[in-house]
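As a plain string of letters, each chain reads:
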Amino acid sequence: LPPPTTTAEKKPTPAPTPTPTAAAKTTDMFDGPPTGDPARDELIERFMGQLDPQAKQVMSDLLRDYRETPVGQLPKTRALVAGKADAAVKLVDWTDPLCPHCAMLHETMKEIDKSVPPGLFSVEARHFPLDGFCNAGVQRKSPDGVRCIGAKAQICMEGDPKAFEASGALFAARAQTVDAVYEAFAPFRDRKALEKCVNSKETEAKLQDDIKAALALNLEGTPL
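Let me sum up the structure you'll find in this document.

Conventions and cut-offs
- Residues numbered from 1 in each chain as written.
- Predicted model: local features only at pLDDT ≥ 70, side-chain atom pairs only at ≥ 80, totals over all residues.
- Heavy atoms only, no water.
- Disulfide = S-S within 2.5 Å.
- Helix = DSSP H or I, 4+ residues; strand = E, 2+ residues; numbered from the N terminus.
- Buried < 20%, exposed > 50% of the residue type's maximum accessible area, 1.4 Å probe, protein only.
- Axes fitted to C-alpha atoms, helices over the stretch in contact; angles between N-to-C directions.
- Parallel < 35°, antiparallel > 145°, perpendicular 65-115°, else oblique.
- Left-handed = near helix turned anticlockwise from the far one by under 90°.
- Contact = heavy atoms within 4.5 Å.
- Nonpolar A, V, L, I, M, F, W, Y, C, P; charged D, E, K, R; others polar.
- Salt bridge = Lys/Arg side-chain N within 4 Å of Asp/Glu carboxyl O.
- Pairing = 2+ DSSP bridges.
- Right-handed = clockwise from strand over helix to strand, strands pointing away.

### Section: the state of the cysteines
Okay, step 1: Counted under the stated rule, the structure contains 2 disulfides.
Okay, step 2: Across the disulfide, Cys 134 is cross-linked to Cys 148 (sulfur-sulfur distance 2.1 Å). One disulfide, between Cys 134 and Cys 148, carries an S-S torsion of -90 degrees and so falls in the left-handed class. Remark: Cys 148 occurs in helix α5 (residues 146-156) and Cys 134 occurs in the loop between β2 (121-127) and α5; sequence separation between them is 14 residues. There is no split in this pair, since Cys 134 and Cys 148 are both buried.
Okay, step 3: Shown here for the chain is a disulfide pattern of 1-2, 3-4, where each number marks a bonded cysteine counted in sequence order.

Structural data, given as structure tokens:
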């Protein structure tokens, strides 16, 4: 038999040390699905590599939620308030006229529009006023239905080239009265004509379609 091996003679083989380049590649690589455009994939990977660890974790969580969320059935397009029908990216959002996060989203979309190629995305505005005055999915009711009237006024602007701008004016106004809603829309639409549209059965039907679609998508707050 061979002589016994002493402890001193047992020298474990050291594990290979990764090169700095390989380590950086593993850390920074974006492991999401490819877009089909190698140049775009490279830009995404470079962007992800520049994020700090906390931002990377947030992005990872968002991608996980996106993959695991069941695909919802969007309603048939009614009217775009920004962009064109052939845009590569279509945004459909549900908002409440007095929702501060909705106002932030509106301003963010304006900034995005300035920094991406023209015609890249379109926006279809839908409405989910957080008021039981018109929304059966909300218990709290206001005495005058300001949120409901604000939502209907936005619906009445559909098809107008300034519809997106008018919504921005309403968000900025933070209207607390019905008069304040109409004042926000004064630069865009005559009050009498707007009131007639707001009070019409057709506009009410469109609002209820928006609410029904939002509830089917399990909306838990605005914006969606």
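### Quick look at the packing of α5 against helix α7 (residues 178-185)
Okay, step 1: Contact pair α5 / α7: the axes reach a minimum separation of 9 Å and the direction vectors enclose 20 degrees. Put simply, α5 runs roughly parallel to α7. The handedness of the crossing between α5 and α7 comes out as right-handed. The segment α5 lies against α7, with Val 146, Ile 149, Gly 150, Ala 153 and Gln 154 engaging Val 178, Val 181, Tyr 182 and Phe 185.
Okay, step 2: For the contact of α5 with α7, the residue count by class is 7 nonpolar, 2 polar and no charged.

### Examining the pattern of salt bridges
Okay, step 1: Scanning all chains against the criterion turns up 16 salt bridges.
Okay, step 2: The partner of Arg 46 in a salt bridge is Glu 42, and the shortest N-O contact between them spans 3.3 Å. A residue pair is termed a helical-turn pair when its members lie 3 or 4 positions apart in one helix, as Arg 46 and Glu 42 do in helix α2 (residues 38-49) at 4 residues.
Okay, step 3: A salt bridge links Glu 124 to Arg 126, with the nearest nitrogen and oxygen atoms 2.9 Å apart. There is no split in this pair, since Glu 124 and Arg 126 are both buried.
Okay, step 4: Salt bridges sharing common partners tie together Arg 78, Lys 90, Glu 124, Arg 126, Glu 158 and Asp 210.

### Considerations on the pairing of β2
Where a strand is regular, its side chains alternate between the two sheet faces.
Okay, step 1: β2 sits mainly inside the fold: 7 of its 7 residues count as buried.
Okay, step 2: Both faces of β2 are covered, namely the face carrying Phe 121, Val 123, Ala 125 and His 127 and the face carrying Ser 122, Glu 124 and Arg 126.
Okay, step 3: Sheet analysis places strand β1 (residues 89-95) next to β2, joined by 7 bridges and oriented parallel. Among the inter-strand pairings, Leu 91 is bridged to a residue of β2, identified as Val 123.
Okay, step 4: For the crossover that starts at β1, traverses helix α4 (residues 100-115) and ends in the parallel β2, the hand is right-handed.

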